[in-house]
Amino acid sequence: MDYKEKLDIDNIPQHVAIIMDGNGRWAKEKGQMRLFGHATGVESVREALTAATEMKIKFLTLYAFSTENWNRPKAEVDGLMDLLVNTIASEIESLHNNDVRLLTIGDTNHLPDGCRNELLKAIERTASNKGTVLILALNYSAKLEIKQAIKRIAEKYKEGSIELDDIDDQLVHDHLYTAGIPDPELMIRTSGEIRISNFLLWQLAYSELHFTPVLWPDFKKEDFYRAVYEYQTRERRFGLIGEQLNELNKDD
Ligand code: IPE
Ligand code: IPE
Ligand code: MG
């Protein structure tokens, strides 16, 4: 089925987040080293970004490295950091020429210097671009993000710049890494695992979730179109009942 053709262009999510999982298993199936899987996964990142741009999805967040991933064997962690530096360095002009803006979320201050510098260069170079915003979650932990937000809010309360009643959804949102970015309407996880793995816990509160057995290096544009197509068949109720939604839609 050609899912791209079937998409309703008036119902494209503004923000899609993806847990890119399964590189290691993909490599193992082929009798290769895990790092070969990660390197091949970069091609899927290109596919996903192109598909997002074609669908006019404004924000694409990709979970690239969690705080827990530091506990992997050193050779794999080092290889992933090298891959990140080399990929950013080689893709920066192409990102810029495609009007893509690069952002990161996560504790990027604690990435190796080489990585941080390459990222800062790319973020600066693409800062005024107006097309798709590519958000890389690097050294990311949703629990850490929420803890940091709570600490900053508590400090503001202590110094008297906010009252207890000022702490609402908007204020919490404003203190997350994703301040100013709408919550993802759709979250995709590849590789068949059905869990969130410490990703965007606040922001995913009402996201539609799409789990696919496809391993990340096999994830192609068509898989992305399909996920968005399936998203469009869902009824997003936000706690209401179907009849109420029909009433609301009538007023549109
Ligand atoms: C996802 O693939 C990439 C990262 C977590 C960096 P994995 O490396 O987790 O691959 P599997 O899950 O072991 O197959
Ligand atoms: C989640 O994948 C993190 C990234 C994709 C970067 P993991 O492979 O680390 O997650 P778990 O360990 O299976 O939950
Ligand atoms: Mg994994």
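Description of the structure in this document. (Residues numbered from 1 in each chain as written. Chains lettered and ligands numbered in written order. Predicted model: local features only at pLDDT ≥ 70, side-chain atom pairs only at ≥ 80, totals over all residues. Heavy atoms only, no water.)

**Here we look at the site of ligand 1**
Not every one of the 13 residues close to ligand 1 is listed here, only the nearest: Asp-21, Gly-24, Arg-25, Arg-34 and Arg-72. One of the backbone N or O atoms of Gly-24 is found 2.9 Å from an oxygen atom in ligand 1. Starting from 370 Å² of accessible surface for ligand 1 in isolation, the protein chains cover 87%. Breaking the shell around ligand 1 down by element, the ones donating at least two residues are helix H2 (23-29), helix H3 (34-55) and helix H4 (74-97). At three residues, H2 tops the list of elements feeding residues into the shell around ligand 1. Residues that form the shell around ligand 1 fall into these classes: three nonpolar, five polar and five charged. (Near = heavy atom within 4 Å. Polar contact = N/O pair within 3.5 Å; in protein donor to acceptor, adjacent residues only side chain to side chain. Areas by Shrake-Rupley, 256 points an atom, 1.4 Å probe, with all protein chains shown as cover. Helix = DSSP H or I, 4+ residues; strand = E, 2+ residues; numbered from the N terminus. Nonpolar A, V, L, I, M, F, W, Y, C, P; charged D, E, K, R; others polar.)

**Observations concerning the site of ligand 2**
Taken together, Ile-19, Met-20, Asp-21, Tyr-63, Ala-64, Phe-65, Asn-69, Arg-72, Arg-189, Arg-195 and Ser-197 are the residues near ligand 2. Side-chain polar atom of Arg-195 to an oxygen atom of ligand 2: 2.8 Å apart, as the coordinates give it. At 2.6 Å from an oxygen atom of ligand 2 is found a side-chain nitrogen or oxygen belonging to Ser-197. If ligand 2 stood free it would expose 390 Å²; the protein chains cover 77% of that surface.

**Notes on the packing of aromatic side chains**
Here the structure, examined in full by the defined rule, presents ten aromatic pairs. Aromatic pair Trp-26 and Phe-36: ring centres 5.7 Å apart, planes at 35 degrees, arrangement tilted. One end of the pair, Trp-26, is in helix H2; the other, Phe-36, is in helix H3, with ten residues separating them in the sequence. We classify Trp-26 as buried; its relative accessible area is 7%. Here Phe-65 and Trp-70 contribute two aromatic rings whose centre-to-centre distance is 4.8 Å and whose plane-to-plane angle is 70 degrees, an arrangement assigned as edge-to-face. Here Trp-70 falls in the partly exposed class, since its relative accessible area comes to 31%. Within the aromatic cluster, the residues linked to one another by ring pairs are Tyr-63, Tyr-140, Tyr-177 and Phe-199. (Phe/Tyr/Trp six-rings, centres within 6.5 Å; stacked < 30°, edge-to-face > 60°. Buried < 20%, exposed > 50% of the residue type's maximum accessible area, 1.4 Å probe, protein only.)

**Brief notes about the pairing of strand S6 (residues 208-211)**
Only one face of S6 is covered, namely the one carrying Glu-208 and His-210; the face carrying Leu-209 and Phe-211 has none of its residues buried. Examined bridge by bridge, strand S5 (residues 186-189) and S6 share four bridges and lie parallel to one another. Counted as the bridge partner of Arg-189 is Phe-211 from S6. (Pairing = 2+ DSSP bridges.)

**What about the nonpolar core?**
Across soluble globular proteins, you tend to see nonpolar side chains buried next to one another. Membership of the largest hydrophobic core comes to 40 residues, with the highest contact counts inside it found for Ile-18, Met-55, Leu-60, Leu-134 and Phe-224. Elements that contribute at least two residues to this core include exactly strand S1 (15-19), H3, strand S2 (59-66), H4, helix H5 (113-125), strand S4 (133-140), S5 and helix H8 (221-232). Take this core: its biggest share by element is seven residues, from H4. In contact with Ile-18, not counting residues within four places along its chain, are Ala-48, Leu-60, Thr-61, Leu-62, Tyr-63, Ile-188, Phe-199, Trp-216 and Phe-224. Of all hydrophobic cores here, the second largest spans 15 residues; its members include Ile-19, Tyr-63, Val-133 and Ile-135. (Core = buried A, V, L, I, M, F, W, Y, C linked by side-chain atoms within 4.5 Å. Contact = heavy atoms within 4.5 Å.)

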